[in-house]
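Listed below are the residues making up each chain.
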Amino acid sequence: MEKLSPLSHWPVYQRDSLRALERELQARSTKPLMEQAGQAAAQLALATAPHARRIWVAAGPGNNGGDGLEAAKHLHLAGKEVIVSLLLDPDKHPADAKAALARALQAGVAVQNQLPSAWLASMTEQDLCIDALLGIGGTKPLNTELQNWVNAMNTSPAQVLAIDIPTGLDADSGLVPPENLAVNASHTLTFLAGKPGLFMNHGRDVCGQIWLDRLEGGLPAHRTFQKPAPQAMLNVATTRHIKTHASHKGSHGDVVIVGGALGMGGAAVLAATAALHAGAGRVMVSWLGGSANTLPPDVMQPDAAALELERLSVVAGCGGGQAIAERLPDILQRSAHLILDADGLNALAADEGLKTLLRLRGAGKPTVLTPHPLEAARLLGISTAQVQSDRLKSAQRIADLFSCVVVLKGSGSIVAAPDHLPVINTTGNGRLATGGTGDVLAGLVGARMAQGMNAWDATCTAVHQHGLIADQWPADKGLTAQHLALQIQ
Ligand SMILES: NC(=O)C1=CN([C@@H]2O[C@H](COP(=O)(O)OP(=O)(O)OC[C@H]3O[C@@H](n4cnc5c(N)ncnc54)[C@H](OP(=O)(O)O)[C@@H]3O)[C@@H](O)[C@H]2O)[C@@H](O)CC1
Ligand SMILES: Nc1ncnc2c1ncn2[C@@H]1O[C@H](COP(=O)(O)OP(=O)(O)O)[C@@H](O)[C@H]1O
Ligand SMILES: [K+]
């Protein structure tokens with residue numbers, strides 16, 4: 001069993017491919033997957049709630065419920081006071097879950113078909129609820145009974161361990177549909193591989209600490225098999241830029257921020273500060289009509305005409321306003337590396353000519369686009385809700401459309417590029433949802449590219465580091481974009 005950490009390089013599968021993986025693994029496993037899953041859930045329950053006296057297992061009508069029944073058997077045999085509430089539809093009960101029910105009953109587990117309300121009311125924080133209602137089969141709005149059971153878990157003082165995914169959360173999108181509510185878990189033990197929904201949108205709020213058991217314990221020793229391809233991997237930082245002794249400022253690349261329209265100078269300052277602290281050799285701001293009182297003294301402010309774009313990493317659009325549109329044709333045609341952010345993306349979305357120039361840049365002049373969901377929606381001509389309902393696909397579509405590396409920002413940032421398996425970033429948290437943190441990210445990507453990383457590695461590394469700084473932020477200190485930029489190394 002593995003605990004999710006910033007170093008977890010897990011594969012991520014959507015529902016359909018997960019079912020294919022499950023079939024392949026089940027066919028090769030000497031031990032039924034459900035038995036392994038139940039055992040792992042019981043093991044984690046005992047480890048995370050060691051003092052639990054009472055354990056309530058809410059089991060649903062499918063195989064997720066079967067996992068819960070298996071876990072209940074082990075916990076009962078370990079001496080815990082266990083009650084299973086089973087939402088059973090006898091006509092649909094899958095064979096594996098039926099067998100798990102028979103084993104649980106034979107072991108003496110108390111199984112009933114309703115909420116043990118009085119018993120639940122006497123639970124304490126040390127006790128445990130196990131959510132085995134719905135797993136990846138949960139695709140419809142919760143019926144009233146399911147909602148009541150989810151409510152009982154969410155209002156209990158006991159910890160909640162969700163099996164596979166918290167009930168109510170969509171495994172593919174990470175959304176909780178408006179008509180649903182979701183289990184609010186302290187821990188989620190997921191099986192076989194990651195599911196996109198655990199790592200994005202509401203997933204980050206309802207999963208608690210995520211664990212993975214690949215259920216490979218029953219594979220014969222030394223036997224590997226060709227697994228179906230995942231839809232994504234979790235992002236891990238690839239490399240770190242290290243300044244060697246035998247280097248000078250020219251060795252670490254030059255970044256220019258083209259941004260800061262009148263009244264929006266702060267965005268350019270934030271991007272420049274980030275690039276500077278990330279260790280770029282020289283950092284410049286080329287203003288778009290604005291200015292700043294507080295630009296760090298180490299940042300240069302050259303004339304636009306003097307910029308040698310052909311050898312620069314250009315971060316364009318931070319606080320760019322309308323003015324960025326006029327500068328973009330030149331930037332798109334000449335800049336060595338380009339990071340297009342904010343108003344630069346809005347200008348692109350509105351102008352077919354700019355889109356053509358972007359496509360013409362080709363692989364020799366790498367480009368990174370850093371849209372948040374609304375900017376992504378403008379680029380694709382769809383709604384923000386449509387972007388959020390399939391973040392992996394949305395990021396990939398933009399990447400393919402413009403032959404660029406793309407970061408679709410937000411909870412669970414996605415990095416996508418043509419001919420690359422997308423990655424989902426797991427560092428970062430809601431404290432980043434404050435003005436200017438996107439400008440900091442753009443400056444950081446610019447610095448990494450200036451330092452010689454390719455666009456993909458630069459972007460993955462920057463997104464990971466940006467989020468990690470936020471995750472390590474002191475709990476008692478507010479996170480501001482400026483202070484975030486100052487923390488970059
Ligand atoms: N098979 C294996 O080898 C392994 C499987 N594993 C486990 O199985 C899980 C997937 O199991 P699953 O496919 O049976 O789906 P699951 O999530 O239990 O739900 C389906 C049931 O719920 C019902 N239902 C859905 N929504 C509903 C609603 N709103 N309101 C009411 N009912 C609703 C749905 O009804 P239906 O849609 O058919 O009408 C159906 O009866 C997976 O997440 C993992 O935990 C692991 O042990 C690894 C090995
Ligand atoms: N809830 C969240 N969880 C993780 N990261 C977040 C969250 N909200 C915002 N972020 C991150 O913060 C940054 C915000 O960027 P952006 O929306 O462009 O803001 P701004 O334009 O104000 O700089 C992005 O890197 C984004 O991924
Ligand atoms: K569940």
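Residues numbered from 1 in each chain as written. Chains lettered and ligands numbered in written order. Predicted model: local features only at pLDDT ≥ 70, side-chain atom pairs only at ≥ 80, totals over all residues. Heavy atoms only, no water.

(A) Highlighting the sheet that holds strand S1 (residues 2-3). Strand order in the open sheet formed by eight strands is S1-S9-S8-S7-S6-S3-S4-S5, and the pairing between neighbours is mixed. For this open sheet the edge positions go to S1 and strand S5 (110-112), each flanked by a neighbour on one side alone. Relative to strand S7 (residues 159-163), strand S6 (residues 128-132) is paired through four bridges, and the arrangement is parallel. When the sheet's bridge partners are listed, Ile-130 is paired in S7 with Leu-161. (Pairing = 2+ DSSP bridges. Helix = DSSP H or I, 4+ residues; strand = E, 2+ residues; numbered from the N terminus.)

(B) Spatial organisation of the site of ligand 2. Taken together, 17 residues form the shell around ligand 2, and within it Lys-409, Gly-410, Gly-436, Thr-437 and Gly-438 come nearest. With respect to ligand 2, the backbone of Leu-432 contributes an N or O atom lying 3.3 Å from an oxygen atom. Taken by itself ligand 2 offers 570 Å² of open surface, and the protein chains cover 77% of this. The element contributing the most residues to the shell around ligand 2 is helix H15 (residues 437-450), with four residues. (Near = heavy atom within 4 Å. Polar contact = N/O pair within 3.5 Å; in protein donor to acceptor, adjacent residues only side chain to side chain. Areas by Shrake-Rupley, 256 points an atom, 1.4 Å probe, with all protein chains shown as cover.)

(C) Local environment of the state of the cysteines. Counting across every chain of the model gives zero disulfides. Among the cysteines around Cys-207, which has no disulfide bond, Cys-129 carries the closest sulfur, lying 17 Å off. (Disulfide = S-S within 2.5 Å.)

(D) Region of the structure containing the domain arrangement of the chain. Taken domain by domain, the chain comprises domain 1 (2-220) and domain 2 (250-487). Contacts between domain 1 and domain 2 engage twelve residues on the former and 14 residues on the latter. A combined buried area of about 1000 Å² lies between domain 1 and domain 2, and 58% of that area is made up of carbon and sulfur atoms. When residues of domain 1 are sorted by the area they lose upon contact with domain 2, Pro-6, Met-200 and Arg-204 head the list and together hold 46% of the total. (Domains from an automatic or database assignment. Contact = heavy atoms within 4.5 Å. Buried area = accessible area lost by both parts, 1.4 Å probe.)

(E) The arrangement of helix H9 (residues 324-334) in detail. Listed as buried for H9 are Ile-324, Arg-327, Leu-328, Ile-331 and Leu-332. Axial view of H9: buried residues confined to an arc of 135°, hence all on one face. Where H9 is buried, its residues contact strand S11 (254-261), strand S12 (282-288), strand S14 (313-316), strand S15 (337-340), helix H10 (342-349) and helix H11 (352-361). (Buried < 20%, exposed > 50% of the residue type's maximum accessible area, 1.4 Å probe, protein only. Arc of directions from axis to C-beta.)

(F) Quick look at the site of ligand 1. Taken together, 24 residues lie around ligand 1, and Asp-67, Lys-92, Gly-135, Pro-141 and Asp-164 are the ones closest in. At 2.9 Å from an oxygen atom of ligand 1 is found a main-chain nitrogen or oxygen belonging to Asn-63. Lys-92 places a side-chain nitrogen or oxygen 2.5 Å from an oxygen atom of ligand 1. Protein chains shield 85% of the accessible area of ligand 1, which is 940 Å² for the free molecule. Here the shell around ligand 1 is composed, by residue class, of ten nonpolar, eight polar and six charged. (Nonpolar A, V, L, I, M, F, W, Y, C, P; charged D, E, K, R; others polar.)

(G) Structural view of H10. Taken across its eight residues, H10 has six buried, putting it largely inside the fold. Along H10, the residues classified as buried are Ala-342, Gly-344, Leu-345, Ala-347, Leu-348 and Ala-349.

(H) Region of the structure containing the coordination of the potassium ion (ligand 3). The potassium ion (ligand 3) binds to the protein through Asn-64 (OD1), Asp-131 (O), Leu-134 (O), Ile-163 (O) and Ile-165 (O), with metal-donor distances spanning 2.6 to 3.0 Å. Of note, the donors binding the potassium ion (ligand 3) are all from one chain and are spaced N-x66-D-x2-L-x28-I-x1-I. Separated by 70 residues along the polypeptide, Asn-64 in helix H3 (residues 63-77) and Leu-134 in the loop between S6 and helix H6 (144-155) bring together distant segments of the chain. For Asn-64, a relative accessible area of 7% puts it in the buried group. (Donors = N, O, S within 2.8 Å, 3.2 Å for Na, K, Ca; no water.)

(I) Structural view of unusual backbone geometry. Even without glycine at this site, Asn-201 takes up a positive phi of about 50°. Its location among the elements puts Asn-201 in the loop between strand S8 (187-191) and helix H7 (203-206). For Ala-342, which is not glycine, the phi torsion reads 45° and is therefore positive. Along the polypeptide, Ala-342 turns up in helix H10.

(J) Inspection of the pattern of salt bridges at higher detail. Inspection of the entire model under this criterion finds 18 salt bridges. Ionic pairing is found between Arg-214 and Glu-2, a salt bridge with its closest N-O pair at 2.7 Å. Placement of the pair is Arg-214 in the loop between strand S9 (209-213) and strand S10 (232-234) and Glu-2 in strand S1, with a sequence separation of 212 residues. Assessed through its relative accessible area of 24%, Arg-214 is described here as partly exposed. For Asp-89, the salt bridge goes to Lys-92, with nearest N and O atoms at 3.9 Å. Residue class for Lys-92 comes out exposed when judged on its relative accessible area of 59%. (Salt bridge = Lys/Arg side-chain N within 4 Å of Asp/Glu carboxyl O.)

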